[in-house]
Amino acid sequence: MIVTITMNPSVDISYPLEHFQLDTVNRVSKVRKTAGGKGLNVTRVLEQLGADVLASGLLGGELGDAIQHELTSAGIKHAFSPISGKTRNCIAILHEGKQTEILEQGPVISASEAEDFLVHFEQLAEDATILSFSGSLPAGLPVDFYSEMLAICQQKKKPVVLDCSGKALQAVLESQEKPTVIKPNLEELSELLAFEVTNELPVLKEALRNERFAGIEWIVVSLGAHGAFAKHGNTFYQVNIPKIDVVNPVGSGDATVAGITYALEQGKSAEELLKIANVLGMLNAQEAVTGQVNLMNFPHLYNQIKVAKV
Ligand code: ATP
């Protein structure tokens, strides 16, 4: 079983507007509200792949109930740990080809809720074959909370795919507990290393050789329309992808994480893993709904991807 973790989920609201006007009333008819958060996007893609997946993390309040209800209706297994705070809303206003986002910080987690979660998580890690942790940590949790979770996984010898950024990722890189995979994009990598990492081979190689990444088996740098660059052990890979018509690339990184997790669970080769990860990112980019992929197009894209050792 694959266990996905979303520590700060949300009910995502999308407001499509032809014109967004400031300082006046904007009326919207086609509102969409969905269970969101990066880990839930990963979960949805894994579910579509037919994987045995269970979603977990922290949920509270009415929106927490709504998320559980939505997952149950979609036939997705879930086991979240309850919190007294209220799960948040995140709003995306889609206007004139732009996306203006309003992201609530979310609930503040108490020390006892964090402890309860770790007890719950220990059992999940026991039952899992592989885990993926995605997204930011809610307020109240220590910045190295993912390291505490990784320590449990390390003790149980369970691989972890970690997709987070900023201080949470920095804390993991500074700790002894290493994930099996991280998947930064160029922006996240640049922030982490405090210099601008560009999409050029020598720069990428130099960046991934940084000692901060020592002990991490896989680093997959997703490059949007340019595919990906990866380091597996001491081997570097360049992934070239075909040009596609893009509808909505939001969440493509999450679909990529789903692909990496799935491929590792299935024992795929390095080359297959990179192809699966990129195909799923592309399939997500071809759909309007985040975390949705049309698997009918999988083989066609898969056969066009070139993975080269560089
Ligand atoms: P997000 O944070 O929105 O989830 P990300 O920055 O983590 O995204 P990206 O690098 O944008 O992730 O995308 C992940 C993968 O999805 C890419 O490696 C690529 O395979 C595919 N992809 C994303 N955008 C495009 C695009 N415009 N054209 C083709 N493929 C894309």
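None of the values given here were measured: they were computed from a predicted structure.

### So, the sheet that holds strand 3 (residues 32-36)
And then number 1: The strand order 3-2-7-8 describes an open sheet built from four strands, whose pairing is mixed. The open sheet has two edge strands, strand 3 and strand 8 (98-103), and neither has a second partner. The average undirected angle you get between the axes of adjacent strands in this sheet is 20 degrees.
And then number 2: Here helix 2 (residues 61-73) sits on the sheet in contact with strand 2 (10-17), strand 3 and strand 7 (88-95), set at roughly 85 degrees to strand 3.

### A short note on the confidence of the model for the protein
And then number 1: Predicted confidence across the protein gives a mean pLDDT of 96, with 100% of residues reaching 70 or more.
And then number 2: Quick note on the complex model: pTM equals 0.96, ipTM equals 0.98.

### As for the environment of glutamate 96
And then number 1: Considering the arrangement of structural elements, one finds glutamate 96 in the loop between strand 7 and strand 8.
And then number 2: Along the chain, glutamate 96 and proline 16 lie 80 residues apart, while their C-alpha atoms are 9.3 Å from each other.
And then number 3: With residues up to four places along the chain from it excluded, the contact list for glutamate 96 reads Leu17, Glu18, His19 and Phe20.
And then number 4: A distance of 3.3 Å separates the side chain of glutamate 96 from the side chain of histidine 19, its partner in a polar contact.

### Focus on the pairing of strand 13 (residues 228-232)
And then number 1: Where burial is concerned, most of strand 13 is hidden: four out of the five residues are buried.
And then number 2: Two elements, strand 12 (residues 218-222) and strand 13, share five bridges in a ladder whose sense is antiparallel. Considered in strand 13, the bridge of valine 220 is made with alanine 230.
And then number 3: Counted between consecutive antiparallel strands, the loop separating strand 12 from strand 13 contains five residues, among which glycine 224 sits at a positive phi close to 55 degrees.
And then number 4: Where strand 13 lies against strand 14 (residues 235-240), five bridges are found, and the strand directions are antiparallel. Paired with histidine 232 across the strands is threonine 235, a residue of strand 14.
And then number 5: Where strand 13 folds back on strand 14, the antiparallel hairpin that results is connected by two residues, among which glycine 233 adopts a positive phi of roughly 60 degrees.

### Some details on the packing of aromatic side chains
And then number 1: The tally for this structure, following the rule as stated, stands at seven aromatic pairs.
And then number 2: For the ring pair phenylalanine 117 and phenylalanine 145, a centre distance of 6.1 Å and an interplane angle of 40 degrees mean the geometry is tilted. With a gap of 28 residues between them, phenylalanine 117 in helix 3 (residues 111-127) and phenylalanine 145 in helix 4 (residues 145-155) connect regions that are remote in the sequence. Grouping residues by exposure puts phenylalanine 117 and phenylalanine 145 together as buried.
And then number 3: Ring geometry for phenylalanine 121 against phenylalanine 133: centres 5.8 Å apart, planes inclined by 70 degrees, an arrangement best described as edge-to-face. Of this pair, phenylalanine 121 sits in helix 3 while phenylalanine 133 is found in strand 9 (residues 130-134), placing the two residues 12 residues apart along the sequence. Taken as a pair, phenylalanine 121 and phenylalanine 133 share a single burial class, namely buried.
And then number 4: Joined through ring pairs, the aromatic side chains of Phe117, Phe121, Phe133, Phe145 and Tyr146 make up one cluster.

### Some words on the pattern of salt bridges
And then number 1: Applying the stated criterion across every chain, the model contains six salt bridges.
And then number 2: Residue glutamate 70 pairs with arginine 44 through a salt bridge whose shortest N-O separation is 3.8 Å. Taken together, the residues glutamate 70 in helix 2 and arginine 44 in helix 1 (residues 38-48) connect sequence positions 26 residues apart.
And then number 3: Among the ionic pairs, lysine 275 bridges to glutamate 271, the shortest N-O distance being 3.7 Å.

### Some words on the site of the ligand
And then number 1: The immediate surroundings of the ligand are formed by 21 residues, with Asn185, Ser222, Gly224, Gly227 and Asn278 found nearest.
And then number 2: The separation between an oxygen atom of the ligand and a polar main-chain atom of glycine 253 is 2.9 Å.
And then number 3: Interatomic distance of 2.8 Å between a side-chain N/O atom of asparagine 278 and an oxygen atom of the ligand.
And then number 4: Coverage of the ligand by the protein chains reaches 83% of its 630 Å² of free accessible surface.
And then number 5: Among the secondary structure elements, those contributing two or more residues to the shell around the ligand are helix 8 (252-265) and helix 9 (270-285).
And then number 6: The element contributing the most residues to the shell around the ligand is helix 8, with four residues.

### Overview of the packing of helix 4 against helix 5 (residues 166-174)
Relative placement of two packed helices is described by the angle separating their axes and the distance separating the axes.
And then number 1: Interhelical geometry of helix 4 versus helix 5 gives an angle of 45 degrees and a closest axis separation of 8 Å. When the axis of helix 4 is compared with that of helix 5, the two are oblique. When you trace helix 4 past helix 5, the crossing you get is right-handed. Facing helix 4, whose interface residues are Tyr146, Ser147 and Leu150, helix 5 presents Ala168, Ala171 and Val172.

Analysis parameters
Residues numbered from 1 in each chain as written. Predicted model: local features only at pLDDT ≥ 70, side-chain atom pairs only at ≥ 80, totals over all residues. Heavy atoms only, no water. Pairing = 2+ DSSP bridges. Helix = DSSP H or I, 4+ residues; strand = E, 2+ residues; numbered from the N terminus. Axes fitted to C-alpha atoms, helices over the stretch in contact; angles between N-to-C directions. Contact = heavy atoms within 4.5 Å. pLDDT = per-residue confidence, 0-100. Polar contact = N/O pair within 3.5 Å; in protein donor to acceptor, adjacent residues only side chain to side chain. Buried < 20%, exposed > 50% of the residue type's maximum accessible area, 1.4 Å probe, protein only. Phe/Tyr/Trp six-rings, centres within 6.5 Å; stacked < 30°, edge-to-face > 60°. Salt bridge = Lys/Arg side-chain N within 4 Å of Asp/Glu carboxyl O. Near = heavy atom within 4 Å. Areas by Shrake-Rupley, 256 points an atom, 1.4 Å probe, with all protein chains shown as cover. Parallel < 35°, antiparallel > 145°, perpendicular 65-115°, else oblique. Left-handed = near helix turned anticlockwise from the far one by under 90°.

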